[in-house]
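# Residue-level structure breakdown
Given next are the chains, with one letter for each unit.
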Amino acid sequence: MSHDLTNLDRQSLRGFLQLVEREFPDEILRIREPVRTHLDITSIVFELERAGKSPVVVYENVEGSSMPIVTNIAGNRKLLAACLGVCVADLPTAFRERCQRFIPCETVSSAPWQELTIEGDDVDLTALPIPLHFAIDAAPYITAGQLAARDPITGVDTTGFHRLMLKGKNRLGVSLHSRRRMWEFHRRAEERGQSLPVAVTLGIHPLHYMGSMVYAYPPQVRKYEIIGGLFGEPYLLARCGVQDLEVPVGAEIIIEGEILPHVKEPEGPFSEFTGYASYRSTQNVFIAHRIRMRRDAIYHSVASGMSKDHILISCVTREGEILNSLKRNLPNVISVHVPHTTCGAFMAFIKMKKTAQGEPQQAILAALGTEFYTKHVVVVDEDIDIFDLNDVMWAVATRVRPETDIFFIPGCKGAILDPTSDPETFTLTKMGIDATRPQGKDFAERLIISEEQRRRTREILRKSGVAL
Ligand SMILES: Cc1cc2nc3c(=O)[nH]c(=O)nc-3n(C[C@H](O)[C@H](O)[C@H](O)COP(=O)(O)O)c2cc1C
């Protein structure tokens, strides 16, 4: 088999691991101690996070499996920025710009995952080292499965993560609760009484993860073209055996199958990104017909719950998406932050140089209109550091007059997994907070210590033996 190794290396999970080993050796942890798929894989990531660390973790000795497991490939802003070749501060802006430069894909005929094919009665998903992430999970879950399918009407494909609950040798429960393209494609197939052909890709580069989370883009564009934009070169794809679906050449494992029409089965509970056990699900069923994989495949898992691996890219993509839409009408918007602690979704902070009354309200409506998962938006002035939650809270505490600066929009579409959304309609009330100073009026003056004075004090402290 001949492969363009250079492109493959750049675009694959393996290539990413090599980059981290080479350039950030402190950000990869190889665990040779035996670990179990039962709870160990994800709880070790949480223990590291508690200690303020978020390296890529490679488990080399997984009990009952010859496959290594890789997790936490997306829990670290430094590594995500390195994938785009920028510094951490430029990550949302670089992402915002690159994901708008769609690059057509390149389709090749051979891929390393064609080395092994398992089909028919030999298909046995229980042979994969699928972790049980939290004790409340109903079963082991594939969390890093990128599902690809084509729109039954237009034929344009999509790719995105959807949790997969292990139910049997060829049966997985799936929940399409984010209600974006995959949900709509399945609904369209179901309307015709058809199943939706789907290919599940396991083992992707963080830029594929990032590009797959983009949602506001023209309907004729392929997500693979957005991922190409992030790589700055055509994304390499190869055709698999489901319909004429294409999947990344650099993948480790491909599971080919279909989501059944009009079949609902219990699925969940699952440890969700909200930090809660989630009992909500669309309860769909995926049947696997064929597995294709590298002979030495690596199993990729995403740490579930409110881990950075699960949430950080959502923060960055939402920051980019909201900024994209705000910049179109409000050039005086400076930056957007969606904090990890708000589940990478539910709250957005917007920093702007206000030039007229009413602009924060316009920014709030535009942000809420861009992203239905986001339900609270806070707008602050240009002197506030929106990446510092303390600074934002100070602005809310000192610049907000609740009777005029907080407003509610009832009955909006919310996230199914948001515990505050109505359990039947999934609607909720959204809130905007204008924490900017009034325009054109005197307002209290912020206390500041000049840079020159700070330098002087730091020097005095240094000479007094105080390490800062
Ligand atoms: C690790 C991870 C797991 C996810 N699991 C699900 C899921 O189980 N169901 C779902 O609908 N969305 C899930 N999402 C969100 C979707 O992947 C995301 O909204 C994506 O843009 C949907 O792609 P689509 O437009 O092709 O449907 C998950 C996201 C991440 C990062």
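Residues numbered from 1 in each chain as written. Predicted model: local features only at pLDDT ≥ 70, side-chain atom pairs only at ≥ 80, totals over all residues. Heavy atoms only, no water.

Applying the stated criterion to the full structure yields eight aromatic pairs. With centroids separated by 5.5 Å and ring planes inclined at 25 degrees, the aromatic side chains of Phe-231 and Tyr-235 adopt a geometry described as stacked. With respect to burial, Phe-231 and Tyr-235 carry one shared label: buried. With a centroid separation of 6.0 Å and an interplanar angle of 45 degrees, the aromatic rings of Phe-273 and Phe-346 are classed as tilted. (Phe/Tyr/Trp six-rings, centres within 6.5 Å; stacked < 30°, edge-to-face > 60°. Buried < 20%, exposed > 50% of the residue type's maximum accessible area, 1.4 Å probe, protein only.)

Around the ligand lies a shell of 20 residues, among which Thr-158, Phe-161, Arg-163, Ser-175 and Ser-178 are the nearest. Between the ligand and Arg-181, the relevant distance is 2.9 Å, taken from an oxygen atom to a main-chain nitrogen or oxygen of the residue. Side-chain polar atom of Lys-223 to an oxygen atom of the ligand: 3.0 Å apart, as the coordinates give it. Coverage of the ligand by the protein chains reaches 94% of its 640 Å² of free accessible surface. Where the shell around the ligand is concerned, the elements lending two or more residues are strand E8 (157-161), helix H6 (181-191) and helix H7 (206-212). (Near = heavy atom within 4 Å. Polar contact = N/O pair within 3.5 Å; in protein donor to acceptor, adjacent residues only side chain to side chain. Areas by Shrake-Rupley, 256 points an atom, 1.4 Å probe, with all protein chains shown as cover. Helix = DSSP H or I, 4+ residues; strand = E, 2+ residues; numbered from the N terminus.)

On to the pairing of strand E7 (residues 146-150), then. Of all five residues making up E7, five are buried, and the element is well covered by its neighbours. With burial as the criterion, each face of E7 is covered, one bearing Gln-146, Ala-148 and Arg-150 and the other bearing Leu-147 and Ala-149. Here five bridges tie E7 to E8, and the two strands are oriented antiparallel to one another. Within E8, the residue paired with Gln-146 across the bridge is Phe-161. Taken together, E7 and the strand that follows it, E8, pair antiparallel across an intervening segment of six residues, in which Gly-155 is found at a positive phi of about 85 degrees. With three bridges joining them, E7 and strand E11 (residues 196-202) adopt antiparallel strand pairing. Within the sheet, the bridge partner assigned to Leu-147 lies in E11 and is Val-200. (Pairing = 2+ DSSP bridges.)

In terms of domains, the protein chain is made up of domain 1 (5-308) and domain 2 (330-434). Between the C-alpha centres of domain 1 and domain 2 there is a distance of 30 Å. Roughly 1600 Å² of surface becomes buried between domain 1 and domain 2 when both sides are summed, with 63% attributable to carbon and sulfur atoms. Taken as a group, Arg-179, Phe-273 and Arg-280 account for 43% of the area that domain 1 buries against domain 2, more than any other trio of residues on that side. Our count for the domain 1 to domain 2 interface comes out at one salt bridge. A salt bridge links Glu-371 to Arg-180, with the shortest nitrogen-to-oxygen separation between them at 3.2 Å. At the boundary of domain 1 and domain 2, one finds seven residue pairs in polar contact (both at pLDDT 80 or more). For the side of domain 1 that touches domain 2, the class distribution of residues is four nonpolar, five polar and seven charged. (Domains from an automatic or database assignment. Buried area = accessible area lost by both parts, 1.4 Å probe. Salt bridge = Lys/Arg side-chain N within 4 Å of Asp/Glu carboxyl O. Nonpolar A, V, L, I, M, F, W, Y, C, P; charged D, E, K, R; others polar.)

Ordered by their spatial adjacency, five strands build an open sheet running E19-E20-E21-E23-E22, and the pairing between neighbours is mixed. Both edges of this open sheet fall to strand E19 (333-337) and strand E22 (406-413), since each of them pairs with a single strand only. Pairs of neighbouring strands in the sheet enclose a mean axial angle of 20 degrees, with direction left out of account. As paired strands, E19 and strand E20 (residues 347-352) are joined by four bridges and run antiparallel to one another. If you follow Val-336 over to E20, its bridge partner there is Ile-350. Where helix H9 (residues 308-329) meets the sheet, it contacts E19 and E20, and its direction lies at approximately 155 degrees from that of E19. (Axes fitted to C-alpha atoms, helices over the stretch in contact; angles between N-to-C directions. Contact = heavy atoms within 4.5 Å.)

This brings us to the pairing of strand E12 (residues 236-239). Examined bridge by bridge, strand E4 (residues 106-108) and E12 share three bridges and lie parallel to one another. Bridged to Glu-106 within E12 is Leu-236. In the sheet, E12 pairs with strand E13 (residues 246-248) via three bridges, with the strands oriented antiparallel. Paired with Arg-239 across the two strands is Glu-246, which belongs to E13.

Packing of helix H4 (residues 77-84) against helix H5 (residues 91-98) leaves a shortest axis separation of 10 Å and a crossing angle of 40 degrees. Taken together, H4 and H5 sit at an angle that is classed as oblique. In the crossing of H4 with H5, the sense of the turn from one axis to the other is left-handed. Between H4 and H5, the residues in contact are Arg-77, Leu-80, Ala-81 and Leu-84 and Leu-91, Pro-92, Ala-94, Phe-95 and Arg-98, respectively. Across the contact of H4 with H5, the residue classes break down as seven nonpolar, no polar and two charged. (Parallel < 35°, antiparallel > 145°, perpendicular 65-115°, else oblique. Left-handed = near helix turned anticlockwise from the far one by under 90°.)

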